Amino acid sequence: MGSIGVQLKKKKDVKNMSPNELVSWFLMASYVYYDLGKRIMSDHVFDYLTNRLKENWDAADHSHKALINKSHLDATTGYDIKYPSIAKYSALEYLRSDK
């Protein structure tokens, strides 16, 4: 998995995310990892993000929250999600902005 030239999200970044931001970053990080073979955060930070999302699930009202289910959060994976275009675009923009 490549991450050269990309500013990886850190635990402190995730700690400061709102519940809706957690949804967005879960989708973006999963898309980048599973579809592009790259990383925007370490596995450890993704696990932390997933745990924070589980803890704040009820507070999230993100329009794409329904794409994520309990099994995704329990397994800390989003490999089988049909990622929305905006998550893909946002992830690609993040990757481009860090070069």
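An account of the accompanying structure is given in this report.

Conventions we followed
- Residues numbered from 1 in each chain as written.
- Predicted model: local features only at pLDDT ≥ 70, side-chain atom pairs only at ≥ 80, totals over all residues.
- Heavy atoms only, no water.
- Phe/Tyr/Trp six-rings, centres within 6.5 Å; stacked < 30°, edge-to-face > 60°.
- Helix = DSSP H or I, 4+ residues; strand = E, 2+ residues; numbered from the N terminus.
- Buried < 20%, exposed > 50% of the residue type's maximum accessible area, 1.4 Å probe, protein only.
- Salt bridge = Lys/Arg side-chain N within 4 Å of Asp/Glu carboxyl O.
- Polar contact = N/O pair within 3.5 Å; in protein donor to acceptor, adjacent residues only side chain to side chain.
- 1 Å grid on protein atoms, 1.4 Å probe; cavity = no way out; pocket = protein on both sides within 12 Å on 5 of 7 lines; lining within 4 Å.
- Points joined across faces, edges and corners; volume = space filled by probe spheres on them.
- Nonpolar A, V, L, I, M, F, W, Y, C, P; charged D, E, K, R; others polar.

A word on the packing of aromatic side chains
And step 1. Inspection of the entire model under this criterion finds five aromatic pairs.
And step 2. Aromatic side chains Tyr31 and Tyr83 sit 5.6 Å apart centroid to centroid with 65 degrees between the ring planes, which places their arrangement in the edge-to-face category. With Tyr31 in helix α2 (residues 19-36) and Tyr83 in the loop between α4 (70-75) and α5 (85-97), this pair connects stretches of sequence that are 52 residues apart.
And step 3. The class for Tyr31 is buried, based on a relative accessible area of 8%.
And step 4. The class for Tyr83 is buried, based on a relative accessible area of 6%.
And step 5. Arranged with centres 6.3 Å apart and planes meeting at 65 degrees, the rings of Tyr34 and Tyr79 form a pair that is edge-to-face. Separated by 45 residues along the polypeptide, Tyr34 in helix α2 and Tyr79 in the loop between α4 and α5 bring together distant segments of the chain.
And step 6. For Tyr79, a relative accessible area of 54% puts it in the exposed group.

Observations concerning the pattern of salt bridges
And step 1. In this structure the tally under the stated criterion is four salt bridges.
And step 2. With its nearest N and O atoms 3.5 Å apart, the salt bridge here joins Lys54 to Asp74. Placement of the pair is Lys54 in helix α3 (residues 43-55) and Asp74 in helix α4, with a sequence separation of 20 residues.
And step 3. Judged by its relative accessible area of 37%, Lys54 falls in the partly exposed class.
And step 4. Note that Lys70 is salt-bridged to Asp74, the shortest N-O span being 2.9 Å. Linking Lys70 with Asp74, this pair stays in helix α4, spanning four residues, or about one helical turn.
And step 5. The exposure class of Lys70 is exposed, given its relative accessible area of 60%.
And step 6. Judged by its relative accessible area of 44%, Asp74 is partly exposed.

Points about unusual backbone geometry
And step 1. Look at Thr76: it is not a glycine, yet its phi comes out positive at around 45 degrees.
And step 2. Position of Thr76 among the secondary structure elements: in the loop between α4 and α5.

A look at the environment of Asp80
And step 1. Topologically, Asp80 is positioned in the loop between α4 and α5.
And step 2. Note on Asp80: relative accessible area 49%, which makes it partly exposed.
And step 3. There is a polar contact of 2.5 Å between the side chain of Asp80 and the side chain of His72.

Examining the layout of surface pockets
And step 1. For the largest pocket, the calculated volume is near 160 Å³.
And step 2. If you trace the largest pocket, you find 13 residues lining it, with Ala29, Tyr33, Tyr34, Asp43 and Phe46 closest to the centre.
And step 3. For the lining of the largest pocket, the elements supplying multiple residues, two or more each, are α2 and α3.
And step 4. With four residues, the top contributor of residues to the lining of the largest pocket is α2.
And step 5. By residue class, the composition of the lining of the largest pocket is six nonpolar, three polar and four charged.

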